[in-house]
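# Examining the three-dimensional arrangement
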Amino acid sequence: MTNRQVYSWREEMRKSVLLLPAVAVLLCFFIVPIVLTVYYSFTNMALSGSNARNLKFIGLENYQRMLTDPSTITAIRNTLVFLAGSLAGQTILGFAIAYFMKQKTRAFRSVVGPCFLVGWVMPEIVVALCFMAFFKENGTLNVLLGAVGIKGIAWLYEHPMLSVIIANVWHGTAFSMLNFQSALDNVSGEIEEAARVDGANRLQVLIRIIVPCIKDSIATNVMLNTLSTLGVYGLIYAMTGGGPANKTTTLPIYMYNQGLKGMQLGFGTAIGMLILLVGIICSLIYARILKSKD
């Protein structure tokens, strides 16, 4: 080996050694838990009973049971409804807020921006308690409706899914707003001005100029919101507990009920793998759509 090759080899080894702590952390807190989760989903792991003492590999029994359980279909349907409603609300509201703040002064944005961030930085349980007080029969919403002559209703009982979607949209809209603000700030004002000179109105500039310029940011925002929304547990559980009559039992609630309350950890981890599969499918769909647009 020449001196140059030896130096290059040593340089690569030095770089590899510097990466070892990061690799170790990745293995301990990411790779190993995923591998264990996959393994436990094929076992009879439990918190109590004979299975708690005799852990064994049972193959696809957990998955067969999950796919034949009507509660699984209900949980998947509720998850997709909750996901679609939350994504639509967070994306549209986040973009609208960012767009209307784009032309405002720095002083205005520095005051209004933090007001929207308050909801995002709140813990889920605090948001849930606030919206329970807002939606209950004698809560703020019914008081406001009564003031204009509209009879109040039991929102958490008659429209539980709508209630938790609204709460989640309020909680997560600020994240979308921040993403879109950053993207919109990078759109050249000269392009918009040229479009207006050519006769385009505000709506045409928005649809044909601004949205195509930030489509990558839109796709990234939707993907990140999808992954975070699939993991929403505390908000729904605190507001409705998955009820009434399983109307808000999403996959995380179903996993908790079966894995911890039912003490069947093996079955619960199988449901967790289903959540992971839904996230992967959604990510692949977004990537496919983005690639086709490119």
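Note that the structure is a prediction, hence the values are computed from the model and not measured. (Residues numbered from 1 in each chain as written. Predicted model: local features only at pLDDT ≥ 70, side-chain atom pairs only at ≥ 80, totals over all residues. Heavy atoms only, no water.)

What follows concerns the overall build of the protein. For the protein, the count of helices and strands is 15 helices and 0 strands. Scaling as 2.2 N^0.38, a compact globule of 294 residues should have a C-alpha radius of gyration of about 19 Å, whereas the protein reaches 25 Å, well beyond that. The principal-axis extents of the C-alpha atoms in the protein amount to approximately 85 × 75 × 35 Å. When burial is assessed residue by residue, the protein has 35% of its 294 residues classed as buried. About 17500 Å² of surface is accessible on the protein, with carbon and sulfur atoms providing 67% of the total. In the protein, the 23 positive side-chain charges and the 14 negative ones have mean positions that sit 5 Å from each other. (Helix = DSSP H or I, 4+ residues; strand = E, 2+ residues; numbered from the N terminus. Rg over C-alpha atoms; globule rule 2.2 N^0.38 Å. Buried < 20%, exposed > 50% of the residue type's maximum accessible area, 1.4 Å probe, protein only. Areas by Shrake-Rupley, 256 points an atom, 1.4 Å probe, with all protein chains shown as cover. Lys, Arg positive; Asp, Glu negative; His and termini not counted. Charge placed at Lys NZ, Arg CZ, Asp CG, Glu CD.)

As recorded in UniProt, the feature "domain: ABC transmembrane type-1" (unreviewed entry) lies at residues 76-286. Strand forms 0% of residues 76-286 and helix 80%; the C-alpha atoms that close the span are 19 Å apart. (UniProt positions renumbered as here; feature names shortened; annotations may be inferred.)

In total, this model carries 16 aromatic pairs according to the counting rule given. Summarising the aromatic geometry, the rings of Tyr254 and Phe267 are spaced 6.4 Å apart at their centres and angled 85 degrees between planes, so their arrangement reads as edge-to-face. Remark: Phe267 occurs in helix H15 (residues 265-293) and Tyr254 occurs in helix H14 (residues 251-261); sequence separation between them is 13 residues. Phe267 gets classed as buried once you look at its relative accessible area, which sits at 2%. Members of the aromatic cluster, each reached through a chain of ring pairs, are Phe131, Phe134, Phe135, Trp155 and Trp170. Cation over ring: Arg65 sits above Phe267, and NZ or CZ is 4.0 Å from the ring centre. (Phe/Tyr/Trp six-rings, centres within 6.5 Å; stacked < 30°, edge-to-face > 60°. Lys NZ or Arg CZ within 6 Å of the ring centre and 35° of its normal.)

So, about unusual backbone geometry. A cis amide bond links Gly243 with the next residue in sequence, Pro244, at an omega value of -5 degrees. Mapped onto the fold, Pro244 is located in the loop between helix H13 (234-239) and H14. Positive phi values are uncommon outside glycine, yet Ala245 reaches one of about 55 degrees. Along the chain, Ala245 falls in the loop between H13 and H14.

Assignment of secondary structure puts Gln181 in helix H9 (residues 160-185). A residue is classified by how much of its surface remains accessible, and Gln181, at 12% relative accessible area, is buried. The residues touching Gln181, leaving out its near neighbours within four places in the chain, are Ala98, Met101 and Arg109. (Contact = heavy atoms within 4.5 Å.)

A few words on the packing of helix H5 (residues 106-121) against H9. For the pair H5 and H9, the least separation of the axes is 6 Å and the interaxial angle reads 140 degrees. It follows that H5 is oblique to H9 by the angle criterion. Counting all contacts with H5, which are made through Arg109, Gly113, Phe116, Leu117, Gly119 and Trp120, the residues of H9 involved are Trp170, His171, Ala174, Phe175, Met177, Leu178, Gln181 and Asp185. Within the contact of H5 with H9, the residues separate by chemical class into 8 nonpolar, 4 polar and 2 charged. (Axes fitted to C-alpha atoms, helices over the stretch in contact; angles between N-to-C directions. Parallel < 35°, antiparallel > 145°, perpendicular 65-115°, else oblique. Nonpolar A, V, L, I, M, F, W, Y, C, P; charged D, E, K, R; others polar.)

Axis separation between helix H6 (residues 124-135) and H9 bottoms out at 10 Å; the angle between their running directions is 130 degrees. The angle between H6 and H9 falls in the class oblique. Remark: the crossing between H6 and H9 carries right-handed chirality. For the pair H6 and H9, the contacting residues are Glu124, Val127, Phe131 and Phe135 in the first and Ser163, Ile166, Ala167, Trp170 and His171 in the second. Grouping the amino acids of the contact of H6 with H9 by side-chain chemistry returns 6 nonpolar, 2 polar and 1 charged. (Left-handed = near helix turned anticlockwise from the far one by under 90°.)

Further remarks concern the pattern of salt bridges. Inspection of the entire model under this criterion finds 1 salt bridge. As a salt-bridge pair, Lys215 and Asp216 come within 3.5 Å of each other at their nearest N and O atoms. Classification of Asp216 by relative accessible area gives partly exposed; the value is 42%. (Salt bridge = Lys/Arg side-chain N within 4 Å of Asp/Glu carboxyl O.)

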